Amino acid sequence: MTATALIVVAAGSGTRLGRGVPKAFATLAGATILEHALRGLVGVDARIVAVVPAGAGGLARAIAERVGSDAPVVAGAATRADSVAAGLAAAGDARRVLVLDAARALAPRALVERVLAALDAGAGAVVPVLPVVDTIRSVDGAADASAEALGAIVDRSGLRAMQTPQGFDAALLRRAYEAAGEGRAASTDDAQLVQALGEAVVAVPGDELAFKITTAADAGRAEALLAPTRAVPELRTGIGVDVHAFGGDGPLRVAGLEWEGQGLAGHSDGDVVCHAIVDALLGAAGLGDIGGLVGVDDPQHAGARGEVFVRLAVERLAEHGWRPQSVGVQVLGVRPRIGSRREEAQAVLGAMVGAPVSVSGTTTDGLGALGRGEGLQAIATALVARG
(Lines give C-alpha, C1' and ligand atoms only; values in the text may rest on other atoms or scores of the structure.)
Protein backbone atom coordinates (compact mmCIF):
# COMPACT_ATOMS: atom_id res chain seq x y z
CA MET A 1 0.00 0.00 0.00
CA THR A 2 1.23 3.53 -0.84
CA ALA A 3 1.29 5.44 2.45
CA THR A 4 0.74 8.96 1.08
CA ALA A 5 -0.48 10.48 -2.17
CA LEU A 6 0.04 14.17 -2.89
CA ILE A 7 -2.40 15.54 -5.44
CA VAL A 8 -1.20 18.68 -7.22
CA VAL A 9 -4.27 20.41 -8.64
CA ALA A 10 -3.19 22.29 -11.77
CA ALA A 11 -6.26 22.22 -14.00
CA GLY A 12 -7.41 25.83 -13.58
CA SER A 13 -7.89 28.13 -16.55
CA GLY A 14 -5.98 31.07 -15.05
CA THR A 15 -8.30 33.70 -16.56
CA ARG A 16 -7.60 36.22 -13.79
CA LEU A 17 -3.86 35.82 -14.27
CA GLY A 18 -4.21 37.11 -17.81
CA ARG A 19 -1.36 35.16 -19.39
CA GLY A 20 -3.43 33.56 -22.14
CA VAL A 21 -2.56 30.00 -21.07
CA PRO A 22 -3.80 27.70 -18.29
CA LYS A 23 -2.38 29.01 -15.03
CA ALA A 24 -0.16 26.00 -14.36
CA PHE A 25 1.69 26.61 -17.63
CA ALA A 26 2.26 30.34 -17.17
CA THR A 27 5.95 31.11 -16.87
CA LEU A 28 7.41 32.82 -13.80
CA ALA A 29 11.14 33.48 -13.46
CA GLY A 30 12.02 31.11 -16.29
CA ALA A 31 9.82 28.13 -15.36
CA THR A 32 6.13 27.26 -15.34
CA ILE A 33 4.05 27.49 -12.18
CA LEU A 34 3.61 23.71 -12.30
CA GLU A 35 7.37 23.21 -12.49
CA HIS A 36 7.94 25.45 -9.46
CA ALA A 37 5.26 23.53 -7.54
CA LEU A 38 6.68 20.11 -8.40
CA ARG A 39 10.24 21.20 -7.71
CA GLY A 40 9.24 22.22 -4.21
CA LEU A 41 7.97 18.70 -3.55
CA VAL A 42 11.13 16.86 -4.55
CA GLY A 43 12.14 14.65 -1.64
CA VAL A 44 8.69 14.50 -0.01
CA ASP A 45 7.84 10.91 0.88
CA ALA A 46 4.65 10.71 -1.18
CA ARG A 47 3.32 9.55 -4.53
CA ILE A 48 2.71 12.76 -6.45
CA VAL A 49 -0.25 12.96 -8.85
CA ALA A 50 -0.56 15.97 -11.17
CA VAL A 51 -4.05 16.96 -12.30
CA VAL A 52 -3.86 19.17 -15.40
CA PRO A 53 -6.21 20.50 -18.11
CA ALA A 54 -7.43 17.98 -20.63
CA GLY A 55 -5.00 17.74 -23.53
CA ALA A 56 -2.04 19.07 -21.54
CA GLY A 57 -0.78 15.70 -20.32
CA GLY A 58 2.24 15.54 -22.61
CA LEU A 59 3.46 18.96 -21.59
CA ALA A 60 2.89 18.19 -17.91
CA ARG A 61 4.83 14.93 -18.15
CA ALA A 62 7.76 16.77 -19.78
CA ILE A 63 7.72 19.29 -16.94
CA ALA A 64 7.66 16.51 -14.34
CA GLU A 65 10.61 14.78 -16.00
CA ARG A 66 12.54 18.06 -16.02
CA VAL A 67 12.37 18.25 -12.21
CA GLY A 68 13.13 14.55 -11.78
CA SER A 69 9.59 13.50 -10.88
CA ASP A 70 7.77 10.44 -12.20
CA ALA A 71 4.40 11.82 -11.11
CA PRO A 72 1.46 10.32 -13.01
CA VAL A 73 -0.55 12.93 -14.90
CA VAL A 74 -4.36 12.83 -15.09
CA ALA A 75 -6.88 15.09 -16.80
CA GLY A 76 -8.83 17.46 -14.60
CA ALA A 77 -12.38 18.75 -14.98
CA ALA A 78 -14.36 21.97 -15.12
CA THR A 79 -14.45 22.43 -11.33
CA ARG A 80 -11.76 22.15 -8.72
CA ALA A 81 -13.69 19.51 -6.76
CA ASP A 82 -14.06 17.30 -9.82
CA SER A 83 -10.34 17.70 -10.55
CA VAL A 84 -9.52 16.60 -7.00
CA ALA A 85 -11.83 13.64 -7.47
CA ALA A 86 -9.83 12.64 -10.56
CA GLY A 87 -6.66 12.87 -8.49
CA LEU A 88 -8.20 10.74 -5.76
CA ALA A 89 -9.01 8.06 -8.30
CA ALA A 90 -5.37 8.06 -9.40
CA ALA A 91 -4.09 7.95 -5.80
CA GLY A 92 -4.79 4.24 -5.63
CA ASP A 93 -4.54 2.62 -2.23
CA ALA A 94 -2.91 5.53 -0.40
CA ARG A 95 -3.79 5.68 3.32
CA ARG A 96 -3.63 9.45 3.44
CA VAL A 97 -3.90 12.20 0.85
CA LEU A 98 -2.54 15.73 0.61
CA VAL A 99 -4.12 18.18 -1.82
CA LEU A 100 -1.99 21.11 -3.00
CA ASP A 101 -3.09 23.84 -5.39
CA ALA A 102 -0.32 24.26 -7.96
CA ALA A 103 -1.06 27.99 -7.77
CA ARG A 104 0.55 27.89 -4.31
CA ALA A 105 3.79 27.03 -6.07
CA LEU A 106 6.03 28.60 -3.42
CA ALA A 107 4.62 26.54 -0.56
CA PRO A 108 7.74 25.50 1.37
CA ARG A 109 8.66 21.94 2.15
CA ALA A 110 8.35 22.71 5.87
CA LEU A 111 4.63 23.43 5.43
CA VAL A 112 4.09 20.03 3.79
CA GLU A 113 5.96 18.37 6.64
CA ARG A 114 3.80 20.21 9.19
CA VAL A 115 0.63 18.83 7.65
CA LEU A 116 2.09 15.32 7.49
CA ALA A 117 3.13 15.51 11.15
CA ALA A 118 -0.43 16.37 12.19
CA LEU A 119 -1.73 13.37 10.24
CA ASP A 120 0.90 11.19 11.93
CA ALA A 121 -0.39 12.45 15.27
CA GLY A 122 -3.84 11.07 14.48
CA ALA A 123 -5.74 13.92 12.83
CA GLY A 124 -8.20 12.89 10.11
CA ALA A 125 -8.17 16.26 8.34
CA VAL A 126 -5.55 19.02 8.54
CA VAL A 127 -5.61 22.55 7.13
CA PRO A 128 -2.82 25.17 7.25
CA VAL A 129 -4.17 28.60 8.17
CA LEU A 130 -2.96 32.16 8.59
CA PRO A 131 -4.46 34.88 10.79
CA VAL A 132 -6.28 37.64 8.91
CA VAL A 133 -4.31 40.86 9.32
CA ASP A 134 -6.41 43.32 7.30
CA THR A 135 -9.47 45.07 8.68
CA ILE A 136 -12.51 43.26 7.27
CA ARG A 137 -15.88 44.85 6.59
CA SER A 138 -19.15 43.40 5.38
CA VAL A 139 -20.81 45.06 2.40
CA ASP A 140 -24.35 45.56 1.24
CA GLY A 141 -24.29 43.82 -2.09
CA ALA A 142 -24.79 45.74 -5.32
CA ALA A 143 -24.56 44.82 -8.96
CA ASP A 144 -21.88 47.46 -9.40
CA ALA A 145 -18.94 46.90 -7.02
CA SER A 146 -18.23 50.64 -6.99
CA ALA A 147 -21.68 51.20 -5.52
CA GLU A 148 -21.30 48.77 -2.61
CA ALA A 149 -22.21 50.21 0.77
CA LEU A 150 -19.85 49.33 3.60
CA GLY A 151 -21.37 47.49 6.51
CA ALA A 152 -20.03 46.66 9.95
CA ILE A 153 -16.43 45.74 10.70
CA VAL A 154 -16.04 42.01 11.18
CA ASP A 155 -14.00 40.86 14.17
CA ARG A 156 -10.92 39.47 12.47
CA SER A 157 -9.62 37.78 15.63
CA GLY A 158 -11.93 34.86 14.88
CA LEU A 159 -11.02 34.63 11.19
CA ARG A 160 -8.38 32.53 9.46
CA ALA A 161 -7.25 32.37 5.84
CA MET A 162 -7.06 28.77 4.61
CA GLN A 163 -4.20 27.43 2.52
CA THR A 164 -3.05 24.21 0.91
CA PRO A 165 -1.70 21.57 1.09
CA GLN A 166 -4.57 20.17 3.11
CA GLY A 167 -4.10 16.66 4.46
CA PHE A 168 -6.64 13.89 5.01
CA ASP A 169 -7.16 10.31 5.93
CA ALA A 170 -7.77 9.03 2.38
CA ALA A 171 -10.85 6.99 3.31
CA LEU A 172 -12.37 10.01 5.05
CA LEU A 173 -11.85 12.29 2.07
CA ARG A 174 -13.31 9.74 -0.32
CA ARG A 175 -16.35 9.37 1.92
CA ALA A 176 -16.77 13.14 2.02
CA TYR A 177 -16.68 13.35 -1.77
CA GLU A 178 -19.18 10.53 -2.15
CA ALA A 179 -21.55 12.11 0.38
CA ALA A 180 -21.36 15.49 -1.35
CA GLY A 181 -22.33 13.99 -4.70
CA GLU A 182 -23.02 16.56 -7.39
CA GLY A 183 -23.10 19.28 -4.76
CA ARG A 184 -19.32 19.08 -4.42
CA ALA A 185 -18.95 21.13 -7.60
CA ALA A 186 -19.74 24.30 -5.65
CA SER A 187 -16.99 23.60 -3.10
CA THR A 188 -13.61 25.28 -3.37
CA ASP A 189 -12.22 23.66 -0.24
CA ASP A 190 -11.86 19.96 0.57
CA ALA A 191 -11.96 20.46 4.32
CA GLN A 192 -15.44 21.96 3.92
CA LEU A 193 -16.70 18.65 2.54
CA VAL A 194 -15.16 16.76 5.46
CA GLN A 195 -16.73 19.12 7.97
CA ALA A 196 -20.10 18.52 6.32
CA LEU A 197 -19.81 14.94 7.62
CA GLY A 198 -19.46 16.27 11.15
CA GLU A 199 -15.75 15.40 11.28
CA ALA A 200 -13.19 17.61 13.02
CA VAL A 201 -10.59 19.54 11.02
CA VAL A 202 -7.27 20.36 12.71
CA ALA A 203 -5.52 23.66 11.96
CA VAL A 204 -1.74 24.02 11.71
CA PRO A 205 0.23 27.23 11.10
CA GLY A 206 0.36 28.20 7.45
CA ASP A 207 3.15 30.03 5.66
CA GLU A 208 3.22 33.44 3.95
CA LEU A 209 5.09 31.87 1.03
CA ALA A 210 2.14 29.61 0.29
CA PHE A 211 0.10 32.48 -1.14
CA LYS A 212 -2.08 31.68 -4.14
CA ILE A 213 -0.92 33.03 -7.49
CA THR A 214 -4.17 34.32 -8.95
CA THR A 215 -3.68 37.83 -10.35
CA ALA A 216 -0.92 39.64 -12.23
CA ALA A 217 0.13 41.25 -8.94
CA ASP A 218 0.50 37.81 -7.36
CA ALA A 219 2.63 36.71 -10.30
CA GLY A 220 4.86 39.75 -9.89
CA ARG A 221 5.34 38.97 -6.20
CA ALA A 222 6.19 35.35 -7.00
CA GLU A 223 8.67 36.34 -9.69
CA ALA A 224 10.43 38.69 -7.30
CA LEU A 225 10.77 35.87 -4.76
CA LEU A 226 11.87 33.32 -7.36
CA ALA A 227 14.43 35.55 -9.06
CA PRO A 228 17.97 34.31 -8.46
CA THR A 229 19.71 36.15 -5.67
CA ARG A 230 22.63 38.20 -6.90
CA ALA A 231 25.76 37.83 -4.86
CA VAL A 232 26.90 41.09 -3.32
CA PRO A 233 30.43 41.77 -4.58
CA GLU A 234 33.27 42.31 -2.16
CA LEU A 235 34.41 45.94 -2.37
CA ARG A 236 37.72 47.41 -1.25
CA THR A 237 39.43 50.78 -1.51
CA GLY A 238 43.10 51.68 -1.78
CA ILE A 239 45.28 54.79 -1.75
CA GLY A 240 48.38 55.42 -3.83
CA VAL A 241 50.86 58.32 -3.61
CA ASP A 242 53.77 59.15 -5.90
CA VAL A 243 56.20 62.08 -6.09
CA HIS A 244 58.84 62.92 -8.72
CA ALA A 245 61.11 65.91 -9.12
CA PHE A 246 61.58 67.69 -12.41
CA GLY A 247 64.91 67.00 -14.08
CA GLY A 248 64.36 64.02 -16.36
CA ASP A 249 65.89 63.79 -19.83
CA GLY A 250 62.68 62.67 -21.54
CA PRO A 251 59.45 64.50 -22.28
CA LEU A 252 57.06 65.51 -19.51
CA ARG A 253 54.46 62.76 -19.18
CA VAL A 254 51.59 63.16 -16.71
CA ALA A 255 48.27 61.31 -16.62
CA GLY A 256 49.21 59.36 -19.74
CA LEU A 257 49.68 62.54 -21.82
CA GLU A 258 52.74 64.46 -23.05
CA TRP A 259 53.06 68.09 -21.96
CA GLU A 260 55.41 70.95 -22.76
CA GLY A 261 58.33 71.46 -20.41
CA GLN A 262 61.06 69.50 -18.70
CA GLY A 263 60.28 65.89 -17.84
CA LEU A 264 60.14 64.26 -14.43
CA ALA A 265 63.15 62.39 -13.08
CA GLY A 266 62.84 58.66 -12.52
CA HIS A 267 63.78 55.21 -13.75
CA SER A 268 60.68 55.18 -15.98
CA ASP A 269 58.89 58.21 -17.41
CA GLY A 270 58.06 59.49 -13.91
CA ASP A 271 54.31 59.76 -14.59
CA VAL A 272 53.18 60.37 -11.03
CA VAL A 273 49.51 59.94 -11.89
CA CYS A 274 49.92 56.48 -13.45
CA HIS A 275 52.25 55.36 -10.67
CA ALA A 276 49.84 56.53 -7.94
CA ILE A 277 46.99 54.69 -9.70
CA VAL A 278 49.06 51.49 -9.75
CA ASP A 279 49.68 51.66 -5.99
CA ALA A 280 46.01 52.47 -5.29
CA LEU A 281 44.77 49.51 -7.34
CA LEU A 282 47.28 47.04 -5.91
CA GLY A 283 46.77 48.33 -2.38
CA ALA A 284 42.99 47.98 -2.61
CA ALA A 285 43.34 44.33 -3.64
CA GLY A 286 46.04 43.63 -1.05
CA LEU A 287 48.59 42.89 -3.76
CA GLY A 288 51.49 45.09 -2.71
CA ASP A 289 52.77 48.08 -4.63
CA ILE A 290 54.45 49.11 -7.86
CA GLY A 291 57.89 48.08 -6.59
CA GLY A 292 56.67 44.54 -6.00
CA LEU A 293 54.96 44.50 -9.38
CA VAL A 294 57.86 45.60 -11.64
CA GLY A 295 60.83 46.35 -9.39
CA VAL A 296 62.37 49.79 -8.93
CA ASP A 297 65.26 49.53 -11.37
CA ASP A 298 64.45 46.71 -13.82
CA PRO A 299 66.32 47.57 -17.06
CA GLN A 300 63.39 46.52 -19.24
CA HIS A 301 61.31 49.29 -17.72
CA ALA A 302 63.84 52.09 -18.16
CA GLY A 303 61.93 55.05 -19.59
CA ALA A 304 58.72 52.98 -19.77
CA ARG A 305 55.44 54.86 -20.03
CA GLY A 306 53.15 54.83 -17.04
CA GLU A 307 50.52 53.06 -19.13
CA VAL A 308 52.68 49.91 -19.06
CA PHE A 309 52.51 49.74 -15.27
CA VAL A 310 48.79 50.51 -15.08
CA ARG A 311 47.93 47.71 -17.49
CA LEU A 312 50.19 45.28 -15.60
CA ALA A 313 48.42 46.21 -12.36
CA VAL A 314 44.98 45.64 -13.90
CA GLU A 315 46.15 42.23 -15.16
CA ARG A 316 47.46 41.32 -11.70
CA LEU A 317 44.11 42.25 -10.18
CA ALA A 318 42.29 40.08 -12.73
CA GLU A 319 44.48 37.10 -11.84
CA HIS A 320 43.11 37.36 -8.30
CA GLY A 321 39.49 37.98 -9.29
CA TRP A 322 39.45 41.75 -8.76
CA ARG A 323 37.98 44.37 -11.12
CA PRO A 324 38.61 48.14 -10.97
CA GLN A 325 35.38 50.06 -10.39
CA SER A 326 36.58 53.66 -10.28
CA VAL A 327 39.68 55.75 -9.62
CA GLY A 328 40.09 59.35 -8.48
CA VAL A 329 43.40 61.24 -8.73
CA GLN A 330 44.50 64.65 -7.53
CA VAL A 331 47.73 66.20 -8.84
CA LEU A 332 49.63 68.68 -6.66
CA GLY A 333 52.06 71.09 -8.29
CA VAL A 334 52.53 74.29 -10.26
CA ARG A 335 52.67 72.75 -13.71
CA PRO A 336 51.28 71.36 -15.93
CA ARG A 337 47.76 72.79 -15.62
CA ILE A 338 45.74 69.60 -15.40
CA GLY A 339 42.45 71.39 -15.90
CA SER A 340 43.35 72.42 -19.44
CA ARG A 341 43.32 68.78 -20.60
CA ARG A 342 41.24 67.11 -17.89
CA GLU A 343 38.72 65.37 -20.15
CA GLU A 344 41.47 64.07 -22.42
CA ALA A 345 43.43 62.71 -19.45
CA GLN A 346 40.36 61.07 -17.95
CA ALA A 347 39.56 59.32 -21.23
CA VAL A 348 43.12 58.03 -21.64
CA LEU A 349 43.36 56.82 -18.05
CA GLY A 350 39.89 55.29 -18.14
CA ALA A 351 40.94 53.22 -21.15
CA MET A 352 43.98 51.96 -19.26
CA VAL A 353 42.08 51.07 -16.09
CA GLY A 354 38.89 49.82 -17.72
CA ALA A 355 36.80 51.92 -15.34
CA PRO A 356 35.93 55.61 -14.83
CA VAL A 357 38.86 57.78 -13.75
CA SER A 358 38.50 61.36 -12.50
CA VAL A 359 41.46 63.76 -12.43
CA SER A 360 41.85 67.12 -10.73
CA GLY A 361 44.76 69.44 -10.04
CA THR A 362 45.71 71.88 -7.29
CA THR A 363 48.68 73.90 -6.10
CA THR A 364 50.12 74.32 -2.64
CA ASP A 365 49.92 78.13 -2.70
CA GLY A 366 53.69 78.34 -3.02
CA LEU A 367 54.44 76.19 -0.01
CA GLY A 368 57.27 73.65 -0.09
CA ALA A 369 59.11 72.04 -2.99
CA LEU A 370 55.91 71.47 -4.94
CA GLY A 371 54.91 75.12 -4.48
CA ARG A 372 58.32 76.21 -5.80
CA GLY A 373 57.78 74.15 -8.94
CA GLU A 374 60.45 71.55 -8.15
CA GLY A 375 58.25 68.52 -8.76
CA LEU A 376 54.82 66.91 -8.85
CA GLN A 377 52.84 64.72 -6.51
CA ALA A 378 49.75 62.60 -7.21
CA ILE A 379 47.35 61.04 -4.74
CA ALA A 380 45.01 58.34 -6.09
CA THR A 381 42.13 56.41 -4.56
CA ALA A 382 40.76 53.26 -6.16
CA LEU A 383 37.64 51.15 -5.66
CA VAL A 384 37.90 47.49 -6.71
CA ALA A 385 35.37 44.64 -6.60
CA ARG A 386 35.49 40.87 -6.50
CA GLY A 387 32.68 38.39 -6.90
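Calculation criteria
Residues numbered from 1 in each chain as written. Predicted model: local features only at pLDDT ≥ 70, side-chain atom pairs only at ≥ 80, totals over all residues. Heavy atoms only, no water. Helix = DSSP H or I, 4+ residues; strand = E, 2+ residues; numbered from the N terminus. Rg over C-alpha atoms; globule rule 2.2 N^0.38 Å. Buried < 20%, exposed > 50% of the residue type's maximum accessible area, 1.4 Å probe, protein only. Contact = heavy atoms within 4.5 Å. Areas by Shrake-Rupley, 256 points an atom, 1.4 Å probe, with all protein chains shown as cover. 1 Å grid on protein atoms, 1.4 Å probe; cavity = no way out; pocket = protein on both sides within 12 Å on 5 of 7 lines; lining within 4 Å. Points joined across faces, edges and corners; volume = space filled by probe spheres on them. Nonpolar A, V, L, I, M, F, W, Y, C, P; charged D, E, K, R; others polar. Lys, Arg positive; Asp, Glu negative; His and termini not counted. Salt bridge = Lys/Arg side-chain N within 4 Å of Asp/Glu carboxyl O. Phe/Tyr/Trp six-rings, centres within 6.5 Å; stacked < 30°, edge-to-face > 60°. Lys NZ or Arg CZ within 6 Å of the ring centre and 35° of its normal. Patch = residues over 30% accessible without salt bridge, like charges linked within 9 Å, V, L, I, M, F, W, Y side chains within 5 Å. Axes fitted to C-alpha atoms, helices over the stretch in contact; angles between N-to-C directions. Parallel < 35°, antiparallel > 145°, perpendicular 65-115°, else oblique. Left-handed = near helix turned anticlockwise from the far one by under 90°.

### Digging into the overall build of the protein chain
For the protein chain, the helix and strand inventory stands at 12 helices and 17 strands. The C-alpha atoms of the protein chain give 35 Å as radius of gyration, which overshoots the globular expectation for 387 residues (21 Å, by more than 25%). Counting across all 387 residues of the protein chain, residues that qualify as buried make up 44%. The long-range fraction of contacts in the protein chain, counting pairs at least 24 apart against all pairs at least 6 apart in sequence, stands at 72%. Here the protein chain has roughly 18,400 Å² of accessible surface; of this, 52% comes from carbon and sulfur atoms.

### Let's talk about the layout of surface pockets
The calculated volume of the largest pocket comes to roughly 590 Å³. For the largest pocket, the lining is made up of 32 residues, of which Gly 12, Lys 23, Arg 80, Asp 101 and Lys 212 are closest to its centre. Ranked by residues supplied to the lining of the largest pocket, first place goes to helix H3 (residues 80–90) with three residues. Looking at the lining of the largest pocket, its residues break down into 12 nonpolar, 12 polar and eight charged.

### A few points about the side chain of Asp 279
Along the chain, Asp 279 falls in helix H8 (residues 272–284). For the buried Asp 279, which has no salt bridge, the nearest side chain bearing the opposite charge is Arg 316, at an N-O separation of 11 Å. The residues touching Asp 279, leaving out its near neighbours within four places in the chain, are Ile 239, Gly 240, Val 241, Asp 289 and Ile 290.

### Brief notes about unusual backbone geometry
For the bond running from Thr 164 to Pro 165, omega is 15°, close enough to zero to count as cis. Turning to its location among the elements, Pro 165 is positioned in the loop between strand S10 (160–162) and strand S11 (166–169). Residues other than glycine seldom take positive phi values, yet Asp 365 does so here, at roughly 55°. Residue placement: Asp 365 occurs in the loop between strand S16 (357–362) and helix H12 (368–371).

### Section: the packing of aromatic side chains
Going through the model one piece at a time under the given rule, you end up with zero aromatic pairs. We note Arg 335 situated over the ring of Phe 246; from NZ or CZ to the ring centre the distance is 3.9 Å. Arg 341 extends its terminal NZ or CZ atom over the ring of Trp 259, reaching a point 4.7 Å from the ring centre.

### Points about a nonpolar patch on the surface
On the surface, Ile 239, Val 241, Val 243 and Ile 379 cluster together into a nonpolar patch covering about 340 Å² of accessible area. If one sorts the elements of the nonpolar patch by residue count, strand S13 (residues 234–254) sits on top with three residues. Take Ile 379: it is sitting in strand S17 (residues 375–386). A relative accessible area of 33% places Ile 379 in the partly exposed class.

### Description of the packing of H3 against helix H5 (residues 170–180)
Direction vectors running N to C along H3 and H5 enclose 135°, while the axes themselves pass 11 Å from each other. Between H3 and H5, the crossing angle belongs to the class labelled oblique. Like other packed secondary-structure pairs, H3 and H5 cross with a definite hand, here left-handed. Contacts from Ala 81, Val 84, Ala 85 and Leu 88 in H3 reach Leu 173, Arg 174 and Tyr 177 in H5. Looking at the contact of H3 with H5 residue by residue, the class counts come to six nonpolar, no polar and one charged.

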